[in-house]
Amino acid sequence: MKTINFLIFAFTRVQHIFYLFIAKLIGKEYQFITPAATYAPWVLDKDFLATYTKVKKNSLLNFYQAWELWTLAANAASKEGNILEVGVWRGSSSIMMGTKLQQLKSTKTIFACDTFEGVVKAGTSEDNYYKGGEHSDTSLQFVKDHVEQTFGLRNVQLLQGIFPDATGHLIENEKFCLCHIDVDAYISAKDILTWLWPRMVIGGVIVFNDYGFPLTKGITLLVNEYLQREDAVRIHNLNGHGIIVKIK
Ligand SMILES: C[S@@+](CC[C@H](N)C(=O)[O-])C[C@H]1O[C@@H](n2cnc3c(N)ncnc32)[C@H](O)[C@@H]1O
């Protein structure tokens, strides 16, 4: 057992050194983060573990990000407004939130928006890696089947097209208490945030999946622009999420 534990430890260290090497090539403000905290409530949540295990082969979420979406969905269940996700890819993040809401018998809808043809509005001076068209290896039909048949969810409504340009008008009268933005590019995320802000309820939470990663510096920049605002609190979660809470 000790040998196995040592081998796992050694493997993860080598993996971390590799990621750190890549990150250092990209910018000085990156380092490998190992929080010393040990509180880990997910180990007792069998539904969470089962859902994440089932979804992860079609997911770009890390384990801790999946846990955060799971718990934020639970928190959203008692608030005013629905849930928005932009950047669905193969559906994993919508499935984590949708499964938790369905388990709680919540009547909320997740509006899950994607081009299903890849990243858009990328390649500006703010984006250091994405050029456009990445993550096109999915389809509306694949996600629909995955969400509705594999996971049995009835609370995810898929909207295909660039958001908000092509599909925002379909939900323009909605209010939102939770939003997950996972779109990789600065202008894409900024346009979504501009559309969303007046529709967020006070206390509403916006999660940016790409905040803490070296290939999506435009998203880090965008979220950091909210540091000085009086109507928002910005949180840097060490799982890589940047979070903005609307406070007035
Ligand atoms: C990194 S993937 C999302 C990963 C997914 N959330 C997960 O957890 O596995 C990014 C997605 O954002 C989509 N996308 C980027 N900008 C968009 C926009 N403005 N409107 C709709 N979809 C967008 C791309 O098509 C792509 O599928």
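A brief report on the enclosed structure follows. (Residues numbered from 1 in each chain as written. Predicted model: local features only at pLDDT ≥ 70, side-chain atom pairs only at ≥ 80, totals over all residues. Heavy atoms only, no water.)

### Thoughts on the site of the ligand
Filter applied, for reference: Proximity is defined per residue: any heavy atom of the residue falling within 4 Å of a molecule or strand makes that residue near it. Here a polar contact is recorded for every N or O atom pair within 3.5 Å, except that within protein the pair must consist of a potential hydrogen donor and a potential acceptor, and residues adjacent in sequence are included only if both atoms are side-chain atoms. Just so you know the grouping, Ala, Val, Leu, Ile, Met, Phe, Trp, Tyr, Cys and Pro go in nonpolar, Asp, Glu, Lys and Arg go in charged, and all remaining residues, Gly too, go in polar.
Near the ligand you find 22 residues, and of these Gly 87, Ser 93, Asp 114, Phe 163 and Asp 182 are the closest. Ser 188 places a side-chain nitrogen or oxygen 2.9 Å from a nitrogen atom of the ligand. Its residues placed into classes, the shell around the ligand shows ten nonpolar, nine polar and three charged.

### Observations concerning unusual backbone geometry
Just so we agree on the cut-off: Helix numbers and strand numbers start at the N terminus; a helix is a DSSP run of H or I with at least 4 residues, a strand a run of E with at least 2. Note on exposure labels: buried denotes an accessible area under 20% of the residue type's maximum, exposed denotes more than 50%, and partly exposed covers the range between, all computed with a 1.4 Å probe on protein chains only.
Residue Pro 164 is bonded to the preceding Phe 163 through a cis peptide linkage, with omega at 0°. Summarising the element assignment, Pro 164 is placed in the loop between β3 (156-160) and β4 (176-181). Unusually for a residue other than glycine, Trp 89 sits at a positive phi of about 50°. One can find Trp 89 in the loop between β1 (82-86) and α4 (92-103). Accessibility expressed as a relative area gives 13% for Trp 89, which makes it buried. Residue Asp 184 is not a glycine yet carries a positive backbone phi of 75°. With respect to the helices and strands, the residue Asp 184 is situated in the loop between β4 and α6 (186-196). Looking at Asp 184, the relative accessible area reads 7%, which means it is buried.

### Some thoughts on the nonpolar core
Applied cut-off: Among the buried residues, those of types Ala, Val, Leu, Ile, Met, Phe, Trp, Tyr and Cys that are joined through side-chain atoms within 4.5 Å form a nonpolar core. Whether two residues are in contact is decided by their heavy atoms, any of which lying within 4.5 Å being enough.
Phe 48, Ile 83, Met 96 and Leu 178 are the most contacted members of the largest nonpolar core, which totals 34 residues. Among the elements that make up this core, the one with the highest residue count is helix α3 (residues 63-76) (seven residues). Once you skip the residues sitting within four places of it in the chain, Met 96 turns out to touch Phe 48, Thr 51, Tyr 52, Val 55, Leu 61, Ala 66 and Trp 70. Core analysis: the next-biggest nonpolar cluster, separate from the first, contains 28 residues, Leu 84, Phe 176, Tyr 186 and Tyr 211 among them.

### Concerning the packing of helix α2 (residues 46-55) against α4
Selection criterion: Simply put, an axis is a line fit to the C-alpha atoms, just over the touching stretch for a helix, and the angle between two N-to-C directions goes from 0 to 180 degrees. For classification, angles of less than 35 degrees are called roughly parallel, those exceeding 145 degrees roughly antiparallel, those between 65 and 115 degrees roughly perpendicular, and all remaining angles oblique. We call a crossing left-handed when the near helix sits turned anticlockwise from the far one by less than a right angle, and right-handed when that turn is clockwise.
As a packed pair, α2 and α4 sit with axes 10 Å apart at the nearest point and diverge in direction by 150°. Classed by the angle they form, the pair α2 and α4 counts as roughly antiparallel. Crossing of α2 over α4 shows right-handed handedness. In contact with Asp 47, Phe 48, Thr 51, Tyr 52 and Val 55 of α2, α4 contributes Ser 92, Ile 95, Met 96, Thr 99 and Gln 103. Residues that form the contact of α2 with α4 fall into these classes: five nonpolar, four polar and one charged.

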